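# Examining the three-dimensional arrangement
This is what each chain is made of:
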Amino acid sequence: MLFSTPIPQARLTLRVLAHLLRYPDAELRAHVGELRAALLGEAALPATRIAEIERLLDRLVLLPALQVESDYVELFDRGRATALHLFEHVHGDSRDRGPAMIDLIQTYEQAGLYIDNSELPDFLPVLLEFASTQPPPQARGFLAETAHIVRVIFSALLKRQSPYASVLAAVLELAGEKAEAVAVPDEPAMDESWAEPAVFGGCSTEGQAKPGQPQPIRIVKNAHSPTSPTQGARA
């Protein structure tokens with residue numbers, strides 16, 4: 001992709017975005033002032049986008065801590081369309097996810113960066129922190145490779161009217177992309193998608209009835225013993 005204007009230095013901005021997409025614990029909220037100063041000082045984003053992110057920063061310190069933290073969990077940990085692990089959107093739980101993780105780890109290590117075992121390499125904040133260490137052209141190119149996934153997450157956040165949508169929009173803009181929404185299908189409620197059949201509620205498989213009904217018994221001949229067939233009875 002060719003860019004007609006110089007690529008801005010966005011090292012600090014990328015790190016601010018990475019912090020904002022992490023769990024908003026007390027330590028993160030204590031540094032909101034520094035995050036704001038870095039964002040404004042570097043000015044790598046349009047003024048309107050910075051203003052949107054500032055409103056998110058205000059929200060992190062003005063709302064009760066419990067509400068801020070529970071909102072984050074509900075949004076990113078209980079929503080599949082808003083998951084911040086990028087390969088979940090591409091590979092799900094398939095076997096392809098493992099090799100993709102290894103390739104990404106090797107990309108980090110070739111640049112001299114190593115992540116600890118507490119985080120997965122496809123976690124968006126980790127990708128943003130890696131991009132912040134690269135020269136501007138390489139950082140933009142790296143982010144552009146993930147833009148199609150970031151756009152889906154951005155669209156899902158926009159659909160939920162979440163202030164975090166501004167952070168994903170900023171990531172797209174730093175990748176040289178427009179923050180345009182795409183269609184995102186409705187997600188089933190988490191409780192519904194994780195629902196299990198009622199215990200002892202019976203099932204539709206042949207040979208089992210509901211509680212209170214006679215349970216059929218199959219008599220199976222024991223192939224290893226010539227004794228009476230009742231030895232092989234199975235309920």
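Since we're looking at a predicted model, the values are computed, not measured. Residue numbers restart at each chain and count upward from 1, following the sequence in its written direction. Local features in this predicted model are restricted to residues whose pLDDT is 70 or higher, and side-chain atom pairs enter the listing and the counts only when it is 80 or higher, whereas totals over whole chains, interfaces and linings include all residues. Hydrogens are left out, water is left out, and the side-chain values use all remaining heavy atoms of the structure.

### Description of helix H11 (residues 165–174)
Two residues of an α-helix separated by three or four positions point the same way, owing to the 3.6 residues in each turn. Throughout, exposure labels follow a simple rule: accessible area from a 1.4 Å probe, protein chains only, divided by the maximum for the residue type, with under 20% read as buried, over 50% as exposed, and the rest as partly exposed. Only DSSP runs of H or I with at least four residues qualify as helices, and only runs of E with at least two residues qualify as strands; both kinds are numbered from the N terminus onward. Counting buried positions over the ten residues of H11 gives nine, a clear majority of the element. Inspection of H11 places Ala165, Ser166, Val167, Leu168, Ala169, Ala170, Val171, Leu172 and Leu174 among the buried residues, and these make up the whole buried set. Residues of H11 that are buried in the fold lie against helix H1 (11–20), helix H4 (47–62), helix H8 (124–132), helix H9 (136–145) and helix H10 (147–159). Any two residues whose heavy atoms approach within 4.5 Å at even a single point are treated as in contact.

### Some thoughts on the confidence of the model for the protein
Per-residue confidence from the predictor is reported as pLDDT, a score between 0 and 100. Looking at the protein as a whole, the pLDDT averages 80, with 73% of positions reaching at least 70. In this model, residues 193–211 is a region of pLDDT below 50 whose contacts with residues beyond four sequence positions or in other chains number 15 contacts. Below a pLDDT of 50 lies the segment residues 223–235, which in the model reaches eleven contacts outside its immediate sequence neighbourhood of four places, other chains included.

### Details of the packing of aromatic side chains
The criterion for an aromatic pair is that two Phe, Tyr or Trp rings (for Trp, the six-membered ring) have centres within 6.5 Å, with stacked assigned to planes under 30 degrees apart, edge-to-face to planes over 60 apart and tilted to the rest. Inspection of every chain in the model, using the stated rule, returns six aromatic pairs. Ring geometry for Tyr72 against Phe76: centres 4.9 Å apart, planes inclined by 55°, an arrangement best described as tilted. In this pair, Tyr72 and Phe76 are both assigned in helix H5 (residues 65–77), four residues apart and thus about one turn of the helix distant. Accessibility assignment for this pair places Tyr72 and Phe76 in one class, buried. Centre to centre, the rings of Tyr108 and Phe130 are 4.9 Å apart; their planes meet at 45°, and the pair counts as tilted.

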